[in-house]
Amino acid sequence: MKKENVMPLVPRMLVRVTFPLAAANVMNQASRTVMAIVGPVIAVELGLSAVELGVLAACLFAAYAAVQLPLGVALDAFGARRVQTVLMVLAAVGFAIFALSPGFAGLVVARIVLGIGISAGLMAVIKAHADWFERSRVASMTGIASALGALGSTLATSPAQAMLPAVGWRGVFWVLCLVALGVATWIFLSLPEKPAADRRAGGVARRLRDDIALSGRILASRPFWRFAPAVATLSTFNFVYLGLWAGPWLRDVAGMDGPGRAGVLFLYTFAMVAGSLLAGGAASRASAAGLPPFLVPVVSLVGLVLLQGGLMLQPSQPSVVLALWLGIAVCGAAGPAGYIAVCQMFPPEQTGRVSTAVNTLTLGCAFLVQAAIGWILDLWPRTVSGGWEPDAYSWALALTAALQALAALVMATARRRDRHAG
């Protein structure tokens, strides 16, 4: 049975809803990926250690995670249009502060502001799609939005690398600031207001109290904790490595120069686009065929673990390096399919709160792993070129691979227990 608030003209709503929110997700991706390009430059210019560089990148995830639960309440109460417009303006402010900062402390503040500004990237997409599309279309539409959003990483790879000699890393952040303001304007002018059928009677304060109480019940539910942690680890690798450490790994382990690293990361982002489309389509087809909703996330987690094993062997042949990183990009792009599977275990009106609760786990994990990798790398002395030891990267990869292997095992056994119980 079709929801009453779903617009029947899918192409029209794709243009009005999916495209502008995907543009906000572009800024989300770009703000994270740009550190893989400018991070090594900033580290040399400001003399940052691996721990400091890791903390700088992790600050964004800490702020991102801290606002997820209130963000879910806001999305369900006020809708994606209002929330995402305000947050994109805040993201522009964060880019500007980063461009103006003279040292480490200012950069930390900028990353915190930026983390709040980009915090609704995927969550606003999922919420808006739940509001405006049929349930059977949500995964495929979100896959399209995720694919478009992944293009944001391309803005922060080869184009950013090409801009560095002319405008420096500060100029790159000014460009991102202007783009974020443009996206905020597009969302405000294009998105329809929150469906009237979802608006409840009563004052705003009372609605918010009810929403917060409901968030507490979601977090206390057993189904959430049986599946959400595993889904969270699926997206962690892309957050951590594409967000920072992939660039240094390509330099220190594969021996690539700046343009070579940017080229690999550029192709990585296109592999993420393909992965998003494949995962979204596969999840929708699996749902239509009556297959387990977590089939795609589990298969992707297993693939990530195997591919990280390949990176731990420290390959240096360009073709092997490229194949491993592209495979990781495709598998890691299945994260949104896992988010949707968890969300569809709950009523549609709770989508905002459930998706942001899952994202809180993802970002909390990314923050801890990001900082832990910096700590692991600093256990070895710096190389003559100012980089880090290849063996240190292999131990860091062992950490993420172990977390994801455990997550895949927990998710698979939870599904088996559910089948036996049924």
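Quick notes on the rules
- Each chain has its residues counted from 1, following the order in which its sequence is written.
- A pLDDT threshold of at least 70 governs which residues receive local features in this predicted model, and a stricter bar of 80 or more applies before side-chain atom pairs are shown or counted, although totals over entire chains, interfaces and linings include all residues.
- Only hydrogens and water are set aside when side-chain values are computed; all heavy atoms of the structure are taken into account.
- Helix and strand assignments follow DSSP, with helices taken as H or I runs no shorter than four residues and strands as E runs no shorter than two, numbered in order from the N terminus.
- Accessible areas in this description were obtained via Shrake-Rupley with a 1.4 Å probe; residue shielding takes into account the shown protein chains only.
- Here a pair means two rings of Phe, Tyr or Trp (six-membered ring of Trp) with centres within 6.5 Å. Their orientation is stacked below 30 degrees between planes, edge-to-face above 60, and tilted elsewhere.
- Here's how the labels work: a residue is buried when its accessible area is under 20% of the maximum for its type, exposed when over 50%, partly exposed in between, all with a 1.4 Å probe on protein chains only.
- In plain words, nonpolar cores are sets of buried Ala, Val, Leu, Ile, Met, Phe, Trp, Tyr and Cys residues tied together by side-chain atoms within 4.5 Å.
- Any pair of residues with heavy atoms lying within 4.5 Å of one another is described as a contacting pair.
- To obtain each axis, a line is fitted to C-alpha atoms, and for helices this fit is confined to the stretch in contact; angles are then taken between N-to-C directions over 0 to 180 degrees.
- With respect to orientation, any angle under 35 degrees is reported as roughly parallel, any angle over 145 as roughly antiparallel, any angle of 65 to 115 as roughly perpendicular, and every other angle as oblique.
- Note: crossing handedness is left-handed where the near helix turns anticlockwise from the far helix by less than a right angle, and right-handed where it turns clockwise.
- Note on residue categories: nonpolar means Ala, Val, Leu, Ile, Met, Phe, Trp, Tyr, Cys or Pro, charged means Asp, Glu, Lys or Arg, and polar means any other residue, Gly included.
- Here a helix's expected span is defined as the number of its residues, less one, multiplied by 1.5 Å.
- A side-chain nitrogen of Lys or Arg and a carboxyl oxygen of Asp or Glu constitute a salt bridge if their distance falls within 4 Å.
- Two distance rules govern patches: like charges are joined within 9 Å, and nonpolar side chains (Val, Leu, Ile, Met, Phe, Trp, Tyr) within 5 Å, applied only to residues with over 30% relative accessible area and no salt bridge.
- Only protein atoms enter the 1 Å grid, on which a cavity is a set of points fitting a 1.4 Å probe that cannot get out and a pocket is an open set with protein on both sides within 12 Å along at least 5 of 7 lines, lining residues being those with an atom within 4 Å of a point.
- Grid points are joined across faces, edges and corners, and a volume is the space filled by probe spheres set on the points.

1. As for the overall build of the protein
Assigned secondary structure in the protein consists of 16 helices and 0 strands. Roughly 16100 Å² of accessible area belongs to the protein as shown, and the carbon and sulfur atoms make up 70% of that amount.

2. Overview of the packing of aromatic side chains
For any pair of aromatic rings, the description consists of the separation of the ring centres together with the inter-plane angle of the planes. One pass over the structure, following the stated rule, counts 12 aromatic pairs. Ring centres of Phe98 and Phe173 lie 4.1 Å apart, and the angle between their planes is 20°; this geometry places the pair in the stacked category. With Phe98 in helix α4 (residues 80-100) and Phe173 in helix α8 (residues 158-190), this pair connects stretches of sequence that are 75 residues apart. Take Phe98 and Phe173: they sit in the same class, and that class is buried.

3. Concerning unusual backbone geometry
The phi dihedral of Gln314 falls on the positive side, at around 60°, and the residue is not glycine. Among the secondary structure elements, Gln314 is positioned in the loop between α12 (295-312) and α13 (318-332).

4. Quick look at the nonpolar core
Tyr241, Trp249 and Trp325 are the most contacted members of the largest nonpolar core, which totals 139 residues. No other element matches the 17 residues that helix α1 (residues 10-46) contributes to this core. Residues in contact with Trp249, not counting those within four places in the same chain, are Ala254, Leu311, Pro315, Val321, Trp325, Tyr393 and Leu397.

5. A few points about the environment of Ala124
In this fold, Ala124 is placed in helix α6 (residues 121-132). Look at Ala124 and you get buried, because its relative accessible area is 0%. For the pair Ala124 and Asp76, spaced 48 residues apart in sequence, the C-alpha separation works out to 9.7 Å. Those residues in contact with Ala124, other than ones at most four positions away along the chain, are Leu21, Leu75, Ala80 and Gln84.

6. What about the packing of α6 against helix α14 (residues 335-343)?
Closest axis-to-axis distance for the α6/α14 pair is 12 Å, and the angle between their directions is 50°. As summarised for this structure, α6 and α14 are arranged oblique, according to the angle between their axes. Handedness of the crossing formed by α6 with α14: right-handed. Contact residues: α6 offers Leu122, Met123 and Ile126, while α14 offers Pro336, Tyr339 and Cys343. Taken together, the residues of the contact of α6 with α14 sort by class into 6 nonpolar, no polar and no charged.

7. A short note on α13
Helix length check: α13, at 15 residues, gives a terminal C-alpha distance of 21 Å against a target of 21 Å (1.5 Å per residue), a fit within 8%. Looking at the buried side of α13, the elements it contacts are α10 (222-252), α11 (258-288), α12 and α14.

8. Things to note about the environment of Ala66
Its place among the elements puts Ala66 in helix α2 (residues 50-66). Put simply, Ala66 and Thr360 are 294 residues apart on the chain and 7.2 Å apart in space, counted from C-alpha to C-alpha.

9. A look at the pattern of salt bridges
Oppositely charged side chains can form a pair if their charged atoms are brought close together. The tally for this structure, following the rule as stated, stands at 1 salt bridge. Of the charged contacts in the structure, one is a salt bridge between Asp252 and Arg251, with a shortest N-O distance of 2.7 Å.

10. Concerning the packing of α10 against α12
Two elements in contact, α10 and α12, have axes separated by 10 Å at closest approach and are oriented at 30°. When the axis of α10 is compared with that of α12, the two are roughly parallel. Taken as a pair, α10 and α12 cross one another with a handedness that is left-handed. Judged by residue contacts, Ala230, Thr233, Leu234, Phe237 and Trp249 of α10 engage Pro297, Ser300, Leu301, Leu304, Gln308 and Leu311 from α12. Class assignment for the residues of the contact of α10 with α12 results in 8 nonpolar, 3 polar and no charged.

11. Concerning the side chain of Thr233
By the secondary structure assignment, Thr233 is in helix α10. If sequence neighbours within four positions are ignored, Thr233 has contacts with Leu301, Leu403, Gln404 and Ala407.

12. Some remarks on a nonpolar patch on the surface
On the surface, a nonpolar cluster with roughly 370 Å² of combined accessible area is contributed by Val51, Val55, Trp375 and Leu379. Looking at where Leu379 falls in the secondary structure, it is placed in the loop between α15 (351-377) and α16 (390-421). By relative accessible area, Leu379 is classed as exposed at 52%.

13. Side note on the side chain of Ser300
On the secondary structure map, Ser300 appears in helix α12. If we ignore the near neighbours within four places in the chain, the residues touching Ser300 are Leu234, Cys331 and Ala334.

14. Observations regarding empty space enclosed by the protein
As enumerated under the stated definition, the model contains 4 cavities of 30 Å³ or more in all. Reported here for the largest cavity is a volume of approximately 260 Å³. Taken together, 20 residues line the largest cavity, and the ones lying closest to its centre are Gln29, Arg32, Leu122, Phe239 and Pro336. Among the elements of the structure, α1, α6, α7 (135-155), α10, α11 and α14 are those that each provide at least two residues to the lining of the largest cavity. Top element by residues in the lining of the largest cavity is α1. It accounts for 4 residues. Split by residue class, the lining of the largest cavity holds 9 nonpolar, 10 polar and 1 charged.

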